[in-house]
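# Fold and geometry: a report
Given next are the chains, with one letter for each unit.
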Amino acid sequence: MDNLIREEIFHYAKEWVLEAGNIIRNTIDDPLEIGTKSNPNDLVTTMDKNTEKFIVEKIKTTFPDHLLLSEEGFGDEIDSLDGTVWIIDPIDGTMNFVQQKRNFAISVGIYQDGVGEIGLIYNVMEDELYTALRGEGAFKGEKKLSPLKEGMILEESVIGLNHLWLCENRLVDEKVMQQLVKTARGTRTYGSAALEFAYVAEGILEGYLTMGLSPWDIAAGMIIVNEVGGVTTNIDGDPINMVGRNAVFVGHPDVHNRIIKDFIAKGRK
(Lines give C-alpha, C1' and ligand atoms only; values in the text may rest on other atoms or scores of the structure.)
Protein backbone atom coordinates (compact mmCIF):
# COMPACT_ATOMS: atom_id res chain seq x y z
CA MET A 1 0.00 0.00 0.00
CA ASP A 2 1.32 3.43 -0.96
CA ASN A 3 2.38 5.38 2.14
CA LEU A 4 0.39 8.50 1.25
CA ILE A 5 -2.75 6.46 0.69
CA ARG A 6 -2.15 4.59 3.94
CA GLU A 7 -1.74 7.84 5.87
CA GLU A 8 -5.00 9.13 4.42
CA ILE A 9 -6.87 5.94 5.34
CA PHE A 10 -5.37 6.00 8.84
CA HIS A 11 -6.42 9.64 9.33
CA TYR A 12 -10.04 8.82 8.51
CA ALA A 13 -10.07 5.57 10.48
CA LYS A 14 -8.74 7.28 13.60
CA GLU A 15 -11.26 10.10 13.27
CA TRP A 16 -14.19 7.70 12.89
CA VAL A 17 -13.13 5.43 15.74
CA LEU A 18 -12.75 8.35 18.13
CA GLU A 19 -16.09 9.80 17.03
CA ALA A 20 -17.82 6.44 17.51
CA GLY A 21 -16.26 6.11 20.95
CA ASN A 22 -17.47 9.56 21.93
CA ILE A 23 -21.01 8.61 20.92
CA ILE A 24 -20.80 5.47 23.06
CA ARG A 25 -19.56 7.38 26.12
CA ASN A 26 -22.29 9.99 25.76
CA THR A 27 -25.04 7.36 25.54
CA ILE A 28 -23.60 4.66 27.83
CA ASP A 29 -26.46 4.99 30.31
CA ASP A 30 -29.28 4.99 27.74
CA PRO A 31 -31.64 1.97 27.69
CA LEU A 32 -30.33 -0.92 25.58
CA GLU A 33 -31.93 -3.68 23.57
CA ILE A 34 -29.88 -6.76 24.36
CA GLY A 35 -30.04 -9.97 22.34
CA THR A 36 -28.01 -13.16 21.99
CA LYS A 37 -26.34 -14.81 19.01
CA SER A 38 -24.64 -18.21 19.16
CA ASN A 39 -25.32 -18.83 22.88
CA PRO A 40 -26.78 -17.03 25.92
CA ASN A 41 -23.38 -15.48 26.72
CA ASP A 42 -22.80 -14.24 23.16
CA LEU A 43 -24.48 -10.87 23.52
CA VAL A 44 -25.30 -8.21 20.97
CA THR A 45 -26.82 -4.80 21.65
CA THR A 46 -28.26 -1.92 19.68
CA MET A 47 -25.00 -0.12 20.43
CA ASP A 48 -22.95 -2.83 18.66
CA LYS A 49 -25.15 -2.57 15.59
CA ASN A 50 -25.36 1.23 15.56
CA THR A 51 -21.62 1.64 16.02
CA GLU A 52 -20.83 -0.78 13.20
CA LYS A 53 -23.39 0.89 10.93
CA PHE A 54 -21.87 4.31 11.69
CA ILE A 55 -18.33 3.18 10.76
CA VAL A 56 -19.43 1.17 7.72
CA GLU A 57 -21.38 4.10 6.28
CA LYS A 58 -18.32 6.34 6.68
CA ILE A 59 -16.12 3.81 4.90
CA LYS A 60 -18.54 3.12 2.05
CA THR A 61 -19.02 6.85 1.44
CA THR A 62 -15.32 7.73 1.52
CA PHE A 63 -13.77 4.55 0.09
CA PRO A 64 -16.49 2.86 -1.99
CA ASP A 65 -14.08 0.31 -3.48
CA HIS A 66 -12.97 -0.99 -0.08
CA LEU A 67 -14.46 -4.18 1.37
CA LEU A 68 -15.61 -4.86 4.92
CA LEU A 69 -15.55 -7.93 7.13
CA SER A 70 -17.53 -7.16 10.27
CA GLU A 71 -19.34 -8.82 13.15
CA GLU A 72 -22.85 -7.43 13.10
CA GLY A 73 -23.89 -7.93 9.48
CA PHE A 74 -23.23 -4.58 7.79
CA GLY A 75 -20.14 -5.76 5.91
CA ASP A 76 -19.58 -7.66 2.69
CA GLU A 77 -19.65 -11.38 1.96
CA ILE A 78 -15.96 -12.11 1.42
CA ASP A 79 -13.87 -15.27 1.49
CA SER A 80 -10.42 -13.73 1.02
CA LEU A 81 -8.52 -10.58 1.93
CA ASP A 82 -7.86 -9.56 -1.68
CA GLY A 83 -7.98 -5.80 -2.17
CA THR A 84 -8.36 -3.35 0.71
CA VAL A 85 -10.40 -4.94 3.50
CA TRP A 86 -11.51 -3.32 6.76
CA ILE A 87 -12.10 -5.84 9.57
CA ILE A 88 -14.28 -4.31 12.27
CA ASP A 89 -15.53 -5.18 15.73
CA PRO A 90 -17.72 -2.27 16.88
CA ILE A 91 -17.71 -3.38 20.53
CA ASP A 92 -15.25 -6.08 21.50
CA GLY A 93 -16.23 -7.19 24.98
CA THR A 94 -19.99 -6.78 24.74
CA MET A 95 -20.61 -8.60 28.02
CA ASN A 96 -18.32 -6.11 29.76
CA PHE A 97 -20.13 -3.26 28.00
CA VAL A 98 -23.50 -4.54 29.24
CA GLN A 99 -22.56 -5.51 32.78
CA GLN A 100 -19.61 -3.27 33.66
CA LYS A 101 -19.83 -0.32 31.26
CA ARG A 102 -16.05 -0.56 30.87
CA ASN A 103 -13.33 -2.92 29.60
CA PHE A 104 -14.53 -2.96 25.98
CA ALA A 105 -13.01 -1.65 22.78
CA ILE A 106 -13.61 -0.65 19.19
CA SER A 107 -11.28 -2.68 16.97
CA VAL A 108 -10.43 -1.86 13.34
CA GLY A 109 -7.81 -3.67 11.26
CA ILE A 110 -7.15 -2.68 7.64
CA TYR A 111 -5.53 -5.21 5.30
CA GLN A 112 -4.20 -4.88 1.76
CA ASP A 113 -4.10 -8.16 -0.16
CA GLY A 114 -3.84 -10.08 3.10
CA VAL A 115 -1.15 -7.89 4.68
CA GLY A 116 -2.06 -5.99 7.85
CA GLU A 117 -1.39 -2.31 7.20
CA ILE A 118 -3.29 -0.36 9.88
CA GLY A 119 -4.55 -1.36 13.32
CA LEU A 120 -6.60 0.62 15.83
CA ILE A 121 -7.90 -0.54 19.23
CA TYR A 122 -9.82 2.06 21.22
CA ASN A 123 -10.42 1.46 24.94
CA VAL A 124 -13.51 3.63 24.91
CA MET A 125 -14.18 4.39 28.56
CA GLU A 126 -10.49 4.98 29.36
CA ASP A 127 -10.06 7.07 26.18
CA GLU A 128 -6.92 5.08 25.28
CA LEU A 129 -6.17 4.54 21.60
CA TYR A 130 -3.63 1.93 20.48
CA THR A 131 -2.51 2.26 16.86
CA ALA A 132 -0.02 0.84 14.40
CA LEU A 133 0.97 1.30 10.78
CA ARG A 134 3.01 -1.56 9.37
CA GLY A 135 6.72 -0.86 9.69
CA GLU A 136 6.27 2.31 11.74
CA GLY A 137 5.89 0.93 15.25
CA ALA A 138 2.95 0.79 17.64
CA PHE A 139 1.59 3.60 19.78
CA LYS A 140 -0.59 4.18 22.82
CA GLY A 141 -1.88 7.66 22.20
CA GLU A 142 1.17 9.67 21.15
CA LYS A 143 3.65 7.44 23.00
CA LYS A 144 5.51 4.85 20.98
CA LEU A 145 5.45 1.40 22.55
CA SER A 146 8.83 -0.18 23.22
CA PRO A 147 9.81 -3.46 21.57
CA LEU A 148 9.13 -6.46 23.81
CA LYS A 149 12.15 -7.02 26.02
CA GLU A 150 14.39 -9.94 25.22
CA GLY A 151 14.88 -13.03 27.34
CA MET A 152 11.43 -13.15 28.93
CA ILE A 153 10.72 -16.35 30.86
CA LEU A 154 7.38 -17.95 31.69
CA GLU A 155 8.05 -17.95 35.43
CA GLU A 156 8.11 -14.13 35.33
CA SER A 157 5.18 -13.77 32.93
CA VAL A 158 1.50 -12.91 33.30
CA ILE A 159 -0.72 -14.78 30.85
CA GLY A 160 -4.24 -13.89 29.77
CA LEU A 161 -6.62 -16.86 29.72
CA ASN A 162 -10.05 -17.62 31.09
CA HIS A 163 -11.23 -20.40 33.39
CA LEU A 164 -12.48 -22.64 30.56
CA TRP A 165 -8.91 -23.74 29.87
CA LEU A 166 -8.82 -25.21 33.39
CA CYS A 167 -12.04 -27.18 32.93
CA GLU A 168 -12.50 -30.23 30.72
CA ASN A 169 -12.41 -28.91 27.17
CA ARG A 170 -12.07 -30.09 23.56
CA LEU A 171 -8.61 -28.65 22.88
CA VAL A 172 -6.05 -29.30 25.62
CA ASP A 173 -5.92 -31.54 28.68
CA GLU A 174 -7.04 -29.34 31.56
CA LYS A 175 -4.44 -30.83 33.93
CA VAL A 176 -1.67 -29.61 31.63
CA MET A 177 -3.21 -26.15 31.55
CA GLN A 178 -3.48 -26.17 35.34
CA GLN A 179 0.25 -26.83 35.42
CA LEU A 180 0.79 -23.87 33.08
CA VAL A 181 -1.09 -21.63 35.51
CA LYS A 182 1.07 -22.90 38.38
CA THR A 183 4.25 -22.23 36.39
CA ALA A 184 3.50 -18.69 35.22
CA ARG A 185 3.84 -15.74 37.58
CA GLY A 186 0.12 -15.05 37.24
CA THR A 187 -2.95 -15.15 35.01
CA ARG A 188 -5.60 -12.57 34.17
CA THR A 189 -8.77 -12.34 32.12
CA TYR A 190 -10.13 -9.03 30.85
CA GLY A 191 -13.05 -10.15 28.69
CA SER A 192 -12.03 -8.30 25.53
CA ALA A 193 -9.71 -9.97 23.03
CA ALA A 194 -8.80 -6.63 21.47
CA LEU A 195 -7.69 -5.20 24.80
CA GLU A 196 -5.74 -8.35 25.65
CA PHE A 197 -3.86 -8.02 22.35
CA ALA A 198 -3.17 -4.38 23.20
CA TYR A 199 -1.90 -5.38 26.62
CA VAL A 200 0.47 -7.92 25.09
CA ALA A 201 1.80 -5.17 22.82
CA GLU A 202 2.18 -2.85 25.81
CA GLY A 203 3.97 -5.52 27.88
CA ILE A 204 1.21 -5.76 30.50
CA LEU A 205 0.70 -9.38 29.47
CA GLU A 206 3.29 -11.76 28.05
CA GLY A 207 0.66 -13.90 26.33
CA TYR A 208 -3.03 -14.40 25.68
CA LEU A 209 -4.70 -17.75 24.94
CA THR A 210 -8.26 -18.06 23.69
CA MET A 211 -10.31 -21.00 22.44
CA GLY A 212 -12.17 -19.40 19.56
CA LEU A 213 -12.00 -15.97 17.94
CA SER A 214 -13.24 -14.51 14.67
CA PRO A 215 -11.18 -12.25 12.38
CA TRP A 216 -12.72 -9.05 13.77
CA ASP A 217 -11.57 -9.99 17.28
CA ILE A 218 -7.89 -10.15 16.31
CA ALA A 219 -7.30 -8.24 13.05
CA ALA A 220 -6.24 -4.94 14.61
CA GLY A 221 -4.40 -6.55 17.50
CA MET A 222 -2.22 -8.69 15.26
CA ILE A 223 -0.93 -5.61 13.44
CA ILE A 224 -0.19 -3.77 16.69
CA VAL A 225 1.51 -6.77 18.32
CA ASN A 226 3.65 -7.41 15.23
CA GLU A 227 5.11 -3.91 15.49
CA VAL A 228 6.64 -4.60 18.91
CA GLY A 229 7.97 -8.05 18.04
CA GLY A 230 5.10 -10.20 19.31
CA VAL A 231 3.84 -13.37 17.65
CA THR A 232 0.27 -14.42 16.79
CA THR A 233 -0.58 -17.99 15.73
CA ASN A 234 -3.20 -20.59 16.40
CA ILE A 235 -2.55 -22.68 19.50
CA ASP A 236 -0.49 -25.18 17.47
CA GLY A 237 1.86 -22.43 16.29
CA ASP A 238 0.45 -22.36 12.77
CA PRO A 239 -0.65 -19.25 10.82
CA ILE A 240 -4.03 -17.69 11.55
CA ASN A 241 -6.92 -18.21 9.13
CA MET A 242 -8.02 -14.61 8.64
CA VAL A 243 -11.44 -15.47 7.20
CA GLY A 244 -12.43 -18.12 9.77
CA ARG A 245 -12.44 -18.88 13.48
CA ASN A 246 -9.26 -19.83 15.31
CA ALA A 247 -8.05 -20.92 18.72
CA VAL A 248 -5.52 -18.11 19.11
CA PHE A 249 -2.27 -17.61 21.00
CA VAL A 250 -0.56 -14.21 20.94
CA GLY A 251 2.50 -13.42 22.96
CA HIS A 252 6.12 -12.61 23.54
CA PRO A 253 8.08 -14.95 21.21
CA ASP A 254 10.10 -16.57 24.02
CA VAL A 255 7.02 -17.27 26.14
CA HIS A 256 4.99 -18.26 23.08
CA ASN A 257 7.51 -20.94 22.12
CA ARG A 258 7.79 -22.27 25.67
CA ILE A 259 4.04 -22.60 26.21
CA ILE A 260 3.44 -24.35 22.90
CA LYS A 261 6.35 -26.76 23.36
CA ASP A 262 6.05 -27.58 27.05
CA PHE A 263 2.31 -27.36 27.60
CA ILE A 264 -0.04 -27.15 24.61
CA ALA A 265 1.77 -29.77 22.49
CA LYS A 266 1.89 -32.16 25.45
CA GLY A 267 -1.76 -31.76 26.34
CA ARG A 268 -3.25 -31.33 22.85
CA LYS A 269 -6.28 -33.47 22.08
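Before reading further, recall that the structure is shown in the block above.
Scope of this entry: the structure provided in the associated data block. (Residues numbered from 1 in each chain as written. Predicted model: local features only at pLDDT ≥ 70, side-chain atom pairs only at ≥ 80, totals over all residues. Heavy atoms only, no water.)

### Focus on the pattern of salt bridges
- All chains considered together, the criterion is met by twelve salt bridges.
- Across the pair Asp236 and Arg268 runs a salt bridge, and its minimum N-O distance is 2.7 Å. Pair noted here: Asp236 is in the loop between β13 (231-234) and β14 (246-251) and Arg268 is in the segment after α7 (253-267), with a separation of 32 residues, a long-range link.
- By relative accessible area, which is 37% here, Asp236 ends up partly exposed.
- Residue Arg268 is classed as partly exposed on the basis of its relative accessible area of 31%. (Salt bridge = Lys/Arg side-chain N within 4 Å of Asp/Glu carboxyl O. Helix = DSSP H or I, 4+ residues; strand = E, 2+ residues; numbered from the N terminus. Buried < 20%, exposed > 50% of the residue type's maximum accessible area, 1.4 Å probe, protein only.)

### Re the packing of aromatic side chains
- In this structure the tally under the stated criterion is eight aromatic pairs.
- Pairing Tyr190 with Tyr199 gives two aromatic rings, centres 4.9 Å apart and planes at 70 degrees, and the pair type is edge-to-face.
- With a relative accessible area of 26%, Tyr190 lands in the partly exposed category.
- Three or more aromatic residues link up through ring pairs in this structure, and these residues are Tyr12, Trp16, Phe63 and Trp86. (Phe/Tyr/Trp six-rings, centres within 6.5 Å; stacked < 30°, edge-to-face > 60°.)

### Digging into the nonpolar core
- With 38 residues, the main nonpolar core has Ile87, Tyr111, Ile121, Phe197, Ile218 and Met242 as its most contacted residues.
- Secondary structure elements with two or more residues in this core: β4 (84-92), β5 (105-112), β7 (128-133), α5 (193-202), β12 (207-213), α6 (215-226) and β14.
- Those residues in contact with Ile121, other than ones at most four positions away along the chain, are Ala105, Ile106, Ser107, Glu128, Leu129, Tyr130, Ala194, Leu195, Ala198, Ala220, Gly221 and Ile224.
- By size, the runner-up hydrophobic cluster in this structure holds 29 residues, among which are Met47, Ile91, Leu129 and Leu133. (Core = buried A, V, L, I, M, F, W, Y, C linked by side-chain atoms within 4.5 Å. Contact = heavy atoms within 4.5 Å.)

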